[in-house]
Amino acid sequence: MLIKIAKPSDLHESDVTPESIYLSRRRFMGGMAGLGAGLALSGHVRANEDYSDVPAGDAPTWLREKISDTQWRAITPSNPEKDKIAPFDDASGYNNFFEFGTDKRDPSRHAGSLETQPWSVVVDGEVNNGGRFSLEDFAKPSQFEERIYRLRCVEAWSMVIPWLGIPLAEVIRRADPTSKAKYVRFETLVDPEQMPGQRSSFSIIDWPYVEGLRLDEAMNPLTLLAMGMYGRELPNQNGAPLRLVVPWKYGFKSIKSIVRISLVEEQPVNSWQQIAANEYGFYANVNPQVDHPRWSQATERRLPNSLFNSNTIDTLMFNGYGDEVAELYAGMDLRKHY
Amino acid sequence: MATPRVWLLWRIGVFLAALAPLVFWGWQVAINAAGPEPGNYLLLNIGIGGLWMLLLTLSLTPLTKLTRWKGFALIRRQLGLWTLAYATLHMLSYALFILGLNWALLASELVKRPYIIVGMIALIGLAVLGATSNKWSMRRLGKRWKPLHKFSYVILGLVLLHFFWVVRADMQEWAMYAAIAALVMATRLPPVARTLPKLRHRLSRA
Ligand code: HEM
């Protein structure tokens, strides 16, 4: 249970939707089902008022139902004044997703046509219970949780984003890893037809984009497999329909548009490590003491900012999630294993 | 034939065209259309703008050879100074918007990061060329003026190196600028430089 690991530090399990509202929402949903799927698709299932200005997406019915059944505000920042949720337009309009281009506005420009329905995920490697799953079957056994996390990009900017998803640990447990499983390896879709960045002959990334976690990192309760944000499904540019969110690591670890999750014995070589091992490591834990060769990691620009106020704040070790994850690295030299 | 008035209009036109991108980016920031990090938007756009200015400035001599049109030579100093202006604004964007005018950090970054050091040398070079882009300096420096201003080729190389070091995932954009730069520099190679006027004759006869 999350409540067990949540220390007074930076997270608390608060603001869980009171049961009465929760129940009435379910009744509301039941009524909607009676009126037919057409109405349920109208976008009003986002029961959370905060997101009234977020454009409704185009999620399949099963996903809308999962979202409406979310445990809202399961994890929230302990200081919501400091960690204000970024506007949806910024979180969905300014990010890196190199499959769709190198400019931070390219993903929102080019990802619109990505086909995310149907989508299937392969779970394989050192597991007893692998296979290829439709996203719906993959998500079905777990309840969605809303988690508001700080996202710290390796480029020294950050945003606060409310994700919707399921703990990766539950997925791994269901896959039933063998005793040989030591790491988890993730792969993004390869489809040059849909992903212009993959068509470029000047690309430095050797597709598919690959990421990895140590098994205990993957099992940590903070590690999330997200399928939505801002009370709706993920916009394509943010890694639809399935992405990882590892809030104590730099953003590039949180791989997008996942098609394969493999439990493996050897430490995977993640894409950025392969490209520039002196700049990006396997662990990539947020660490204000270890600079990127081209810039300091001691501070970050919290976005959105303005010309008059760069909104620069101190970067926290493990992005402020140290109470939950520091013990994973006990005894390790994090200067060496950056 | 063109009168002095027409040349003046030409120079004013070039001035306005070189100013236009800065006005446009400023406008985008003012109407909140520059994204959640407007300082970075200005930094990157003005950096690319500075590279364009440098490439355009260095294209003027071969273009003159190719066309013998007087207008190109007339805007050479102006575009050179625009290059310096863009580069200065680019550096100021970094100091102001990225480092938040943290002087101590600026001082340490300027000596710590190779790509910044290279950018700084390029900027100092542009400033020296800018400061000597006047009749008085040309007279004072005499024969040495030309070799001094050949340093602009080195600056182009430094800027491309600076840009190369910040590329992350895809070389396409950089490769395009490097190819244009290679073309511009190739026109300086003596055999090519000699051919340009001949090429003009052939073109005008055709
Ligand atoms: C003190 C001098 C300079 C500083 C501090 C500086 C700083 C920077 C910074 C911080 C970046 C962005 C790096 C990143 O995104 O990781 C950058 C990129 C760039 N700079 Fe500079 N720079 C300097 C001089 C110059 C000069 C003289 C030029 C050319 C006239 C120039 C052209 C560029 C270009 C073309 C880029 C790439 C923009 C892009 O990626 O879209 N820089 N510079």
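Anyway, here's the lowdown on the structure attached to this text. Note that the coordinates shown come from a computational prediction; the quantities given were computed from them, not determined experimentally. (Residues numbered from 1 in each chain as written. Chains lettered and ligands numbered in written order. Predicted model: local features only at pLDDT ≥ 70, side-chain atom pairs only at ≥ 80, totals over all residues. Heavy atoms only, no water.)

**Thoughts on the side chain of lysine 66 of chain A**
Residue and element names in this part refer to chain A. On the secondary structure map, lysine 66 appears in helix α4 (residues 61-68). For the buried lysine 66, which has no salt bridge, the nearest side chain bearing the opposite charge is aspartate 69, at an N-O separation of 6.1 Å. Contacts of lysine 66, omitting those with residues within four sequence positions, involve Ala139, Lys140, Ser142, Gln143 and Phe144. (Helix = DSSP H or I, 4+ residues; strand = E, 2+ residues; numbered from the N terminus. Buried < 20%, exposed > 50% of the residue type's maximum accessible area, 1.4 Å probe, protein only. Lys, Arg positive; Asp, Glu negative; His and termini not counted. Salt bridge = Lys/Arg side-chain N within 4 Å of Asp/Glu carboxyl O. Contact = heavy atoms within 4.5 Å.)

**Quick word on the coordination of the iron atom of the ligand**
Residues and elements named next belong to chain B. At this site the iron atom of the ligand is bound by His90 (NE2) and His162 (NE2), with donor distances of 1.9 to 2.0 Å. Relative to the metal, the six donor atoms surrounding the iron atom of the ligand lie at angles of 85 to 179°, and the coordination shape comes out octahedral. Here histidine 162 lies in helix α9 (residues 151-166) and histidine 90 lies in helix α4 (residues 76-98), a separation of 72 residues in the sequence. You can call histidine 162 buried: its relative accessible area is 18%. (Donors = N, O, S within 2.8 Å, 3.2 Å for Na, K, Ca; no water. Tetrahedral: all angles 85-135°; square planar, octahedral: opposite > 155°, others 65-115°.)

**Structural notes on a positive patch on the surface**
Residue and element names in this part refer to chain B. Judged by side-chain charge, Arg11, Arg77, Lys135 and Arg139 come together as a positively charged surface patch. You can see arginine 11 is positioned in helix α1 (residues 4-30). The class of arginine 11 is partly exposed, set by a relative accessible area of 38%. (Patch = residues over 30% accessible without salt bridge, like charges linked within 9 Å, V, L, I, M, F, W, Y side chains within 5 Å. Areas by Shrake-Rupley, 256 points an atom, 1.4 Å probe, with all protein chains shown as cover. Charge placed at Lys NZ, Arg CZ, Asp CG, Glu CD.)

**Let's talk about the site of the ligand**
All names here are of chain B. Neighbouring residues of the ligand: 20 residues in total, closest His90, Met91, Met120, His162 and Arg168. In the environment of the ligand, a nitrogen atom lies 2.8 Å from a nitrogen or oxygen atom belonging to the side chain of histidine 162. Between an oxygen atom of the ligand and a side-chain N or O atom of arginine 168, the distance comes to 3.2 Å. Elements with a contribution of two residues or more to the shell around the ligand: α2 (38-67), α4, α6 (114-131) and α9. The leading source of residues in the shell around the ligand is α2, at six residues. (Near = heavy atom within 4 Å. Polar contact = N/O pair within 3.5 Å; in protein donor to acceptor, adjacent residues only side chain to side chain.)

**Structural notes on α9 of chain B**
Here α9 of chain B contains 16 residues, and its C-alpha end-to-end distance of 23 Å stays within 8% of the 22 Å for a straight helix at 1.5 Å per residue. For α9 of chain B, every residue scored as buried is listed here: Ser152, Ile155, Leu156, Leu158, Val159, Leu160, His162 and Phe163 of chain B. (Expected span 1.5 Å × (residues − 1).)

**Quick look at a nonpolar patch on the surface**
A contiguous nonpolar patch, built from Leu8, Leu9, Ile12, Phe15 and Leu16 of chain B and spanning about 480 Å² of accessible area, is present on the exposed surface. Of note, leucine 16 of chain B is situated in helix α1.

**Side note on empty space enclosed by the protein**
All names here are of chain A. Under the definition given, this model contains five cavities of 30 Å³ or more. By volume, the largest cavity is sized at about 420 Å³. What lines the largest cavity is a set of 28 residues, among which Asn96, Phe97, Gly251, Phe252 and Lys256 lie closest to the centre. For the lining of the largest cavity, the element with the most residues is strand β6 (residues 157-167), which contributes four residues. Tallied by class, the residues present in the lining of the largest cavity amount to 17 nonpolar, six polar and five charged. Of the pockets and cavities examined, the second largest cavity occupies roughly 140 Å³. Surrounding the second largest cavity, 16 residues form its lining, Tyr250, Glu279, Asn285, Val290 and Tyr338 being those nearest its centre. When the residues that make up the lining of the second largest cavity are grouped by side-chain class, the tally is eight nonpolar, six polar and two charged. (1 Å grid on protein atoms, 1.4 Å probe; cavity = no way out; pocket = protein on both sides within 12 Å on 5 of 7 lines; lining within 4 Å. Points joined across faces, edges and corners; volume = space filled by probe spheres on them. Nonpolar A, V, L, I, M, F, W, Y, C, P; charged D, E, K, R; others polar.)

**Describing the interface of chain A and chain B**
The accessible area lost on association of the parts is a frequent measure of interface size. Contact with chain A, which involves 29 residues of that partner, is made by 27 residues of chain B. Summing both partners gives a buried area of about 2,400 Å² for chain A against chain B, and 54% of it is carried by carbon and sulfur. Three residues stand out in chain A for area buried against chain B, namely Phe202, Arg294 and Leu307 of chain A, and they jointly supply 30% of the buried area on that side. Joining chain A to chain B, the criterion identifies four salt bridges. Put simply, glutamate 155 of chain A and arginine 168 of chain B hold a salt bridge, and the shortest N to O gap is 2.6 Å. Classifying every residue of the side of chain A that touches chain B by side-chain character gives 14 nonpolar, nine polar and six charged. (Buried area = accessible area lost by both parts, 1.4 Å probe.)

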